[in-house]
Amino acid sequence: MKGASLKVEHLSKIYPDGTVALRDVSFEVAPGQFVVIIGLSGSGKSTLMRCINRLIEPTSGKVYIDDIDITALSVAEMRRLRRSIGMIFQQFNLVKRSSVLTNVLSGRLGYLPPWWSLINHFPRDEVDRAMANLRRVGIPEKARTRADQLSGGQQQRVGIARALMQEPRLILADEPVASLDPATSHSVLRYLEELNKKDGITVLCALHFLSLARRYGSRILALKAGQLVYQGVPADIDERRFKEIYGEDAVEVEIT
Amino acid sequence: MTPEVAPARATVLQPRPWFASTKFLLLVFGLLAVYAYGWRVTKIDLPELLKGTKFVRPFVVDLVRPDVVSRDVQIQEVQLGMSVNAAVAPEDVAPPASGPQLSVPTRVTAVGAQLQVTGRGFRPNGSGTLFWVNPIGNPQQVGTFHTDATGAFAVTITVPEVFRGPESGPRGAQQRLLARVTWETGPLRPSKTLLLVGEKIIETVFLALMGTTIAIVAAIPLSFLGAKNLTAKNPLGTTIYFFTRTFFNVTRSIEPLILAIVFTVWVGLGPFAGVLALALHSVAVLGKLYSEQIESIDPGPIEAIAATGASPLQVVRYAVVPQIVPPFIAFTIYRWDTNVRMSTVIGFVGGGGVGFILQQYINLLQYRQAATAVWAITLVVAALDYLSAVVRERVV
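Definitions and cut-offs
- Residues numbered from 1 in each chain as written.
- Chains lettered and ligands numbered in written order.
- Predicted model: local features only at pLDDT ≥ 70, side-chain atom pairs only at ≥ 80, totals over all residues.
- Heavy atoms only, no water.
- UniProt positions renumbered as here; feature names shortened; annotations may be inferred.
- Patch = residues over 30% accessible without salt bridge, like charges linked within 9 Å, V, L, I, M, F, W, Y side chains within 5 Å.
- Areas by Shrake-Rupley, 256 points an atom, 1.4 Å probe, with all protein chains shown as cover.
- Salt bridge = Lys/Arg side-chain N within 4 Å of Asp/Glu carboxyl O.
- Helix = DSSP H or I, 4+ residues; strand = E, 2+ residues; numbered from the N terminus.
- Pairing = 2+ DSSP bridges.
- Axes fitted to C-alpha atoms, helices over the stretch in contact; angles between N-to-C directions.
- Buried < 20%, exposed > 50% of the residue type's maximum accessible area, 1.4 Å probe, protein only.
- Contact = heavy atoms within 4.5 Å.
- Buried area = accessible area lost by both parts, 1.4 Å probe.
- Nonpolar A, V, L, I, M, F, W, Y, C, P; charged D, E, K, R; others polar.

Per an unreviewed UniProt entry, chain B carries the name Phosphonate ABC transporter, permease protein PhnE and comes from Candidatus Segetimicrobium genomatis. Within the UniProt record for chain B, the comment given under Sequence similarities (unreviewed entry) is "Belongs to the binding-protein-dependent transport system permease family."

For chain A, the name recorded in an unreviewed UniProt entry is Phosphonate ABC transporter ATP-binding protein, with Candidatus Segetimicrobium genomatis as its organism.

So, in structure tokens, the structure goes:
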């Protein structure tokens with residue numbers, strides 16, 4: 001399984017209330033890269049992520065995944081394509097009252113016949129696949145637990161297992177560790193790093209902390225007020241660049 | 001110099017204390033006016049509470065001795081022919097020689113005369129009643145007695161003036177004296193009242209169940225129309241949302257009791273009218289609760305499931321349904337519980353259920369029977385209340 005390539009061209013998003021969330025953003029991601037997007041809250045990171053799998057319709061511009069223009073796809077075609085794009089969220093977005101196993105299995109829904117899955121019946125091999133993915137993120141014993149009984153870090157690992165069920169070639173991680181403590185943040189990011197290194201999945205990950213971005217990213221994109229203000233390798237972000245991205249008053253906080 | 005000036009300035013700047021401010025005084029005055037009018041308009045009359053105790057006492061007393069069990073009743077009865085006109089001979093009615101005997105000094109007497117009645121051979125240590133029976137068979141109680149260990153009694157009565165039937169001829173003067181001793185025998189059995197109340201309580205619970213069920217069926221689709229986040233996405237949807245919500249709010253504000261009156265006119269007296277009244281009111285209440293629940297669901301899982309490439313139907317099944325089903329169940333059970341309570345009073349206006357017989361018992365001053373119904377309602381409502389609390393705790 002090879003990671004997908006991603007190309008964004010002149011992408012803009014203006015919300016109905018007039019807010020300009022993205023302004024002419026263009027960049028390319030090669031297959032198998034781990035790209036970190038940094039920027040302040042409200043700089044457009046989440047909107048960018050959601051324009052890539054069209055949970056939000058872009059106002060203008062093009063997004064290519066493996067040279068397919070996804071902005072031109074029909075709703076049904078887009079749904080098929082979404083199967084190979086995993087997404088991980090800041091608030092985990094698990095169904096809290098359902099079991100961990102059901103949450104993981106729900107990542108597979110796009111592949112299953114629609115009617116069969118409506119009665120909560122999953123084929124044996126899909127359950128096995130879910131258990132294998134839970135083992136991979138280290139919590140197979142929690143399969144029957146209700147999702148809201150888990151700690152934050154465990155819930156995010158369920159989120160990763162759910163994305164893995166899609167057999168994704170691209171993972172969009174929208175601030176996956178912003179709700180977690182530093183130690184847990186590292187353990188979650190290491191899982192993403194492993195998927196990137198071992199499986200070659202392309203990862204696009206929004207992060208708050210520059211230290212985490214430096215540690216995990218092979219490339220960094222910086223957004224400021226909807227515009228791409230920097231792209232390059234982590235090592236090149238010095239004091240001056242940092243102040244450009246985060247504003248004059250910002251002081252870098254280390255997270256180790 | 002400064003210390004002497006300072007106090008003067010301080011008094012000038014000193015604001016009036018809070019209780020002397022115009023705002024506060026106006027508020028106090030306004031509240032006084034409101035409550036004074038309220039006291040008058042609701043005719044609050046506290047001494048009446050004391051004066052009325054003698055009227056309510058029989059009801060309160062009977063509340064602690066509801067009519068729940070009974071025994072078979074044995075009756076011992078003896079009649080004696082009498083006359084209240086010296087010119088008319090009494091009927092030849094006398095007790096058989098073998099049974100209990102009833103005797104009076106004279107069988108020809110007059111209205112208003114004192115009469116010493118003695119009896120013997122009755123059930124020992126029993127209690128009984130003496131009746132004066134007119135020519136058309138209507139008894140009038142004239143005295144009570146207790147028999148001694150040998151089954152004898154003696155009691156003085158006053159011969160009453162009784163209705164003598166259509167013709168006031170000589171036959172009208174032929175009247176009877178009746179002595180009746182009753183006692184209970186055999187094992188305790190559920191009384192007729194208890195059986196009837198039980199039957200009506202079951203009707204009440206099912207009345208509430210049917211009303212609630214009909215309401216669920218109607219409220220679920222309506223609640224989706226009344227959920228802002230799902231429906232109000234375009235002008236048409238906003239209109240539908242507005243009308244649904246208005247329907248909920250208007251219907252909800254009409255008491256089920258009033259709806260029941262309307263439905264008894266429509267479909268006649270009986271539980272069906274009650275079912276319809278409860279159903280209509282519950283549609284509005286459940287619809288509003290459901291749609292508020294739908295509005296408050298977490299959009300995160302919806303986004304997450306949609307991002308996996310699931311179909312809209314799968315998104316509803318895996319992201320929406322798990323979030324709304326438990327609160328729906330909790331609301332519904334609570335509603336059923338409320339409906340059982342309401343259906344007990346719906347009978348008061350003819351909507352069926354236990355309220356109907358409760359009202360009759362109260363009107364007929366049969367307070368012991370009324371007490372049976374009151375206790376049955378209390379027990380059933382409390383039991384369902386507890387049950388629904390347990391279930392809701394499990395589900396949510």
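## Quick word on a nonpolar patch on the surface
On the surface, a cluster of nonpolar side chains totalling about 600 Å² of accessible area is made up of B:Val250, B:Ile254, B:Leu257, B:Ile258, B:Val262, B:Val345, B:Phe348 and B:Ile362. Considering every element that reaches the nonpolar patch, the biggest residue donor is helix α8 (residues 256–267) of chain B, with three residues.

## Side note on the environment of A:Pro168
By the element assignment, A:Pro168 lies in the loop between α6 (152–165) and β7 (170–174). As a C-alpha pair, A:Pro168 and A:Ile85 span 83 residues in sequence and 5.1 Å in three-dimensional space.

## Overview of the sheet that holds strand β1 (residues 69–83) of chain B
Residue and element names in this part refer to chain B. Within the open sheet, the four strands sit side by side as β1-β7-β4-β5. Their pairing is antiparallel. Of all strands in the sheet, those bounded by a partner on one side alone are β1 and β5 (139–146). In this sheet, neighbouring strand axes are inclined to one another by 25° on average, regardless of whether the strands run parallel or antiparallel. As judged from the seven bridges shared by strand β4 (residues 127–133) and β5, these two strands associate in the antiparallel manner.

## Observations regarding the pairing of strand β9 (residues 219–224) of chain A
Residue and element names in this part refer to chain A. Among the six residues of β9, five are classified as buried, and the element is accordingly described as predominantly covered. Where strand β3 (residues 34–38) meets β9, four bridges bridge the pair, whose relative direction is parallel. Its bridge partner lying in β9, Ile38 is registered against Ala222. In terms of strand pairing, β9 meets strand β10 (residues 227–232) through five bridges, oriented antiparallel. For Ile220, the partnering residue across the bridge sits in β10 and is Gly232. Between β9 and β10, which pair antiparallel in sequence order, lie two residues; one of them, Ala225, sits at a positive phi of approximately 50°.

## Topic: the interface of chain A and chain B
Tallying the contact residues gives 31 residues for chain A and 23 residues for chain B. With both chains or domains summed, chain A and chain B bury close to 2100 Å², and 59% of this area falls on carbon and sulfur atoms. Linking chain A with chain B are two salt bridges. As a salt-bridge pair, B:Asp298 and A:Lys96 come within 3.5 Å of each other at their nearest N and O atoms. Those elements giving two or more residues to the side of chain A that touches chain B turn out to be α2 (75–82), β6 (85–88) and α4 (114–117) of chain A. Looking at the side of chain A that touches chain B, the element that brings in the most residues is α4(A), giving three residues. Taken together, the residues of the side of chain A that touches chain B break down into 14 nonpolar, 10 polar and seven charged.

## Considering the pattern of salt bridges
Counted by the stated rule, this structure contains 28 salt bridges over all chains. The residue A:Lys45 makes a salt bridge to A:Glu175 at a minimum N-O spacing of 3.3 Å. With A:Lys45 in helix α1 (residues 45–52) and A:Glu175 in the loop between β7 and α7 (182–199), this residue pair connects regions lying 130 residues apart in the sequence. Pair check on accessibility: A:Lys45 and A:Glu175 agree, each one buried. B:Glu292 is the salt-bridge partner of B:Lys288, the closest N and O atoms lying 3.4 Å from each other. Of this pair, B:Lys288 and B:Glu292 both sit in helix α9 (residues 271–295), four residues apart, which is roughly one turn of that helix. Classification of B:Lys288 by relative accessible area gives buried; the value is 17%. For B:Glu292, a relative accessible area of 34% gives the class partly exposed.

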